[in-house]
Amino acid sequence: NAGVTQTPKFQVLKTGQSMTLQCAQDMNHNSMYWYRQDPGMGLRLIYYSASEGTTDKGEVPNGYNVSRLNKREFSLRLESAAPSQTSVYFCASRPTRGRQSNEQFFGPGTRLTVL
Amino acid sequence: SQQGEEDPQALSIQEGENATMNCSYKTSINNLQWYRQNSGRGLVHLILIRSNEREKHSGRLRVTLDTSKKSSSLLITASRAADTASYFCATSGGGADGLTFGKGTHLIIQP
């Protein structure tokens, strides 16, 4: 199993450009999450999807949109990138049943720079 | 806003010594979790303690929780160079909504 995969690993954008960050998990998890991590900070929740077909805003949703394409995939879109969105973006997934149902499994991250 | 605050922000100790990190949080929780992040990598789950538990052990890890003080501590015993990483506490209300993270403690183990 690959776990949680994210593409791309690195990206540089100019202000105003758009892009989509891709995330996929092969663990049959119901819930998926997008976080951002800024230097010296913990992770902050952008959006989450409790189950296929649902999405909800987290702490810092402004400037982002998400799509839960199917149970495996959860994408994050920046419609018009701003320098304040320079960050490392992490996708995570979580089973909602079983012994590990509170644990989140993280991808390796996407390092995004907006010039 | 960040839920938790870790203390200290940075900690440097000698290999073999014990490392203790503290976390405070603001609201009621269902559980509190600790994660490790190696430089440039994603987070890895270490241990979870539920709000009705006071102490939990896993290998060289010991976590305590004091809900009256809204605080937790993580103890790593007999530290190794490979323990060098950032450690984050994260709280959960128990539902499918996301975790709320602290700012982390950067731990350096000197060989």
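The text that follows walks through the structure, step by step, so that each part is easy to find. Note that the structure is a prediction, hence the values are computed from the model and not measured. (Residues numbered from 1 in each chain as written. Chains lettered and ligands numbered in written order. Predicted model: local features only at pLDDT ≥ 70, side-chain atom pairs only at ≥ 80, totals over all residues. Heavy atoms only, no water.)

### Observations concerning the environment of A:Gln22
Residues and elements named next belong to chain A.
Okay, step 1: Turning to its location among the elements, Gln 22 is positioned in strand S3 (residues 19-25).
Okay, step 2: It is 6.7 Å that separates the C-alpha atoms of Gln 22 and Phe 74, two residues lying 52 residues apart in sequence.
Okay, step 3: Excluding residues that lie within four positions of it along the chain, Gln 22 makes contacts with Thr 5, Gln 6, Thr 7, Trp 34, Phe 74 and Ser 75. (Helix = DSSP H or I, 4+ residues; strand = E, 2+ residues; numbered from the N terminus. Contact = heavy atoms within 4.5 Å.)

### Focus on the environment of B:Gly98
Okay, step 1: Residue placement: B:Gly98 occurs in the loop between strand S9 (85-92) and strand S10 (100-101).
Okay, step 2: The contact partners of B:Gly98, leaving out residues within four places of it in the chain, are A:Tyr33, A:Tyr35, A:Leu45, A:Tyr48, A:Gln104 and B:Thr91.

### Let's talk about the state of the cysteines
Okay, step 1: Taken as a whole, this structure holds two disulfides over all chains when the rule is applied.
Okay, step 2: In this model A:Cys23 forms its disulfide with A:Cys91; the gap between the sulfur atoms is 1.8 Å. Taking the sign of the S-S torsion, -70° for the link of A:Cys23 and A:Cys91, the bridge is left-handed. Taken together, the residues A:Cys23 in strand S3 and A:Cys91 in strand S9 (residues 87-94) connect sequence positions 68 residues apart. Per residue, the accessibility class of A:Cys23 equals that of A:Cys91, and both read buried.
Okay, step 3: The partner cysteine of B:Cys23 in its disulfide is B:Cys89, sulfur to sulfur 2.0 Å. Across the disulfide from B:Cys23 to B:Cys89, rotation about the S-S bond amounts to roughly 65°, and the bridge is consequently right-handed. (Disulfide = S-S within 2.5 Å. Buried < 20%, exposed > 50% of the residue type's maximum accessible area, 1.4 Å probe, protein only.)

### Points about the sheet that holds strand S7 (residues 64-68) of chain A
All names here are of chain A.
Okay, step 1: With respect to topology, four strands assemble into an open sheet ordered S1-S3-S8-S7, the strand pairing being antiparallel. Here the strands that pair on one side only, and so sit at the sheet edges, are strand S1 (4-7) and S7. The average undirected angle you get between the axes of adjacent strands in this sheet is 20°.
Okay, step 2: The sheet contact formed by S7 and strand S8 (residues 74-78) spans five bridges and is antiparallel. Across the sheet, the residue bridging to Arg 68 is Phe 74, located in S8. (Pairing = 2+ DSSP bridges. Axes fitted to C-alpha atoms, helices over the stretch in contact; angles between N-to-C directions.)

### Focus on the pattern of salt bridges
Okay, step 1: Enumeration according to the criterion identifies five salt bridges over all chains in this entry.
Okay, step 2: Between B:Arg62 and B:Glu55 there is a salt bridge whose closest N-O contact spans 3.1 Å.
Okay, step 3: Residues B:Arg60 and B:Asp83 are paired through a salt bridge, measuring 2.9 Å at the closest nitrogen-oxygen approach. Here B:Arg60, found in the loop between strand S6 (55-58) and strand S7 (61-66), pairs with B:Asp83, found in the loop between strand S8 (71-76) and S9; they are 23 residues apart in sequence, far enough to count as distant.
Okay, step 4: Taken together, the shared-partner salt bridges in this structure form one network comprising A:Arg36, A:Asp38 and A:Arg44. (Salt bridge = Lys/Arg side-chain N within 4 Å of Asp/Glu carboxyl O.)

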